[in-house]
Amino acid sequence: MTSTSSPTPTTTDRLTIATADDMFALGQRIGAELLPGDFIGLTGDLGAGKSVLVRGICAGCGIDPCEVMSPTFVIVVSHRGRLAIHHADFYRLGDMDELYATGFDDLVNDGRAAILVEWIDRIPEALPPEYLRVHIDGCGEAPREVFVERVGPRFEGRLALQNPQ
Ligand SMILES: Nc1ncnc2c1ncn2[C@@H]1O[C@H](COP(=O)(O)OP(=O)(O)OP(=O)(O)O)[C@@H](O)[C@H]1O
Ligand SMILES: [Mg+2]
């Protein structure tokens, strides 16, 4: 039997980000282009820079980055700028059932906000069919390698990201 669905297009950019300021600036570039319904899953070890990037993304959407804290204990925090953003952190979540209990699914299905999830690899089943995955390699004061993977036609031709000059 042949499948009628076409393969999901995927492209990945690899960037070198030397400082936290550059990571924030990368986030601002992503945030400036973010659309309602976009889903970004972030991965990387403790202290990799996921929250720095999220703060930059929010700033790029016109949200005061000082109001963007880590939602590790409350799971999801909502912000409003040029568009609404729901910022989630799955670090302390056990499984999909626990995630359902937070009402996260309703926020995703609503489609009017962009969704940013730190530690998406804890519950990869929560990924929608189309998403941007940002993986950050490195910690401490070392430069970070950042892998930006676009999955699905929604991200095709968008978010052309380059290394800082
Ligand atoms: N190139 C860099 N990119 C990002 N952060 C950097 C860089 N160099 C140093 N840092 C520092 O690393 C730390 C990253 O912390 P951050 O809270 O963003 O990590 P995280 O990935 O969200 O961790 P957690 O999983 O604990 O939430 C910050 O203190 C930041 O100043
Ligand atoms: Mg964090």
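Quick note: structure is the one above.
The shown structure was predicted, so the numbers you read here are calculated from the model rather than taken from an experiment. (Residues numbered from 1 in each chain as written. Chains lettered and ligands numbered in written order. Predicted model: local features only at pLDDT ≥ 70, side-chain atom pairs only at ≥ 80, totals over all residues.)

Q: So, the sheet that holds strand E2 (residues 39-43): which residues are in play, and what are the values?
A: Strand pairing in a sheet is mediated by backbone hydrogen bonds. Such pairs are either parallel or antiparallel. The 7 strands are arranged E1-E7-E6-E2-E5-E4-E3 in an open sheet whose pairing can be described as mixed. Every interior strand has two partners, whereas the edge strands, strand E1 (10-17) and strand E3 (76-80), have only one. In this sheet, adjacent strand axes meet at a mean angle of 15 degrees when their direction is disregarded. By the bridge criterion, 5 bridges tie strand E4 (residues 84-89) to strand E5 (residues 114-118) in an arrangement that is parallel. Within the sheet, the bridge partner assigned to Ile-85 lies in E5 and is Ala-114. Sitting on the sheet, helix H1 (residues 20-33) is in contact with E1 and strand E7 (144-151), with an inclination near 150 degrees to E1. Its contacts with the sheet put helix H2 (residues 50-60) on E2, E3, E4, E5 and strand E6 (131-137), and the angle it makes with E5 is roughly 165 degrees. (Pairing = 2+ DSSP bridges. Helix = DSSP H or I, 4+ residues; strand = E, 2+ residues; numbered from the N terminus. Axes fitted to C-alpha atoms, helices over the stretch in contact; angles between N-to-C directions. Contact = placed C-beta atoms within 7 Å.)

Q: Please provide a residue-by-residue account of the environment of Glu-156, values included.
A: Along the polypeptide, Glu-156 turns up in the segment after E7. It is 8.2 Å that separates the C-alpha atoms of Glu-156 and Thr-11, two residues lying 145 residues apart in sequence.

Q: So what's going on with H2? Which residues, and what values?
A: Here H2 lies mainly inside the structure; 11 of its 11 residues are buried. When we look at burial in H2, the residues that qualify are Lys-50, Ser-51, Val-52, Leu-53, Val-54, Arg-55, Gly-56, Ile-57, Cys-58, Ala-59 and Gly-60. Contacts from the buried residues of H2 go to H1, E2, E3, E4, E5 and E6. Positive backbone phi, at 85 degrees, marks Gly-62, one or two positions downstream of H2. (Buried ≥ 20, exposed ≤ 12 C-beta atoms within 10 Å, placed from the backbone.)

Q: Quick one: what's the story with the pairing of E3, residue by residue and with numbers?
A: Remark: a regular strand shows side chains that alternate across the two faces of the sheet. In this sheet, E4 lies alongside E3 in antiparallel orientation, the contact comprising 5 bridges. For Val-77, the partnering residue across the bridge sits in E4 and is His-87. The turn joining E3 and E4, which pair antiparallel and follow one another in sequence, is formed by 3 residues.

Honestly, it's all geometry; don't read function into it.
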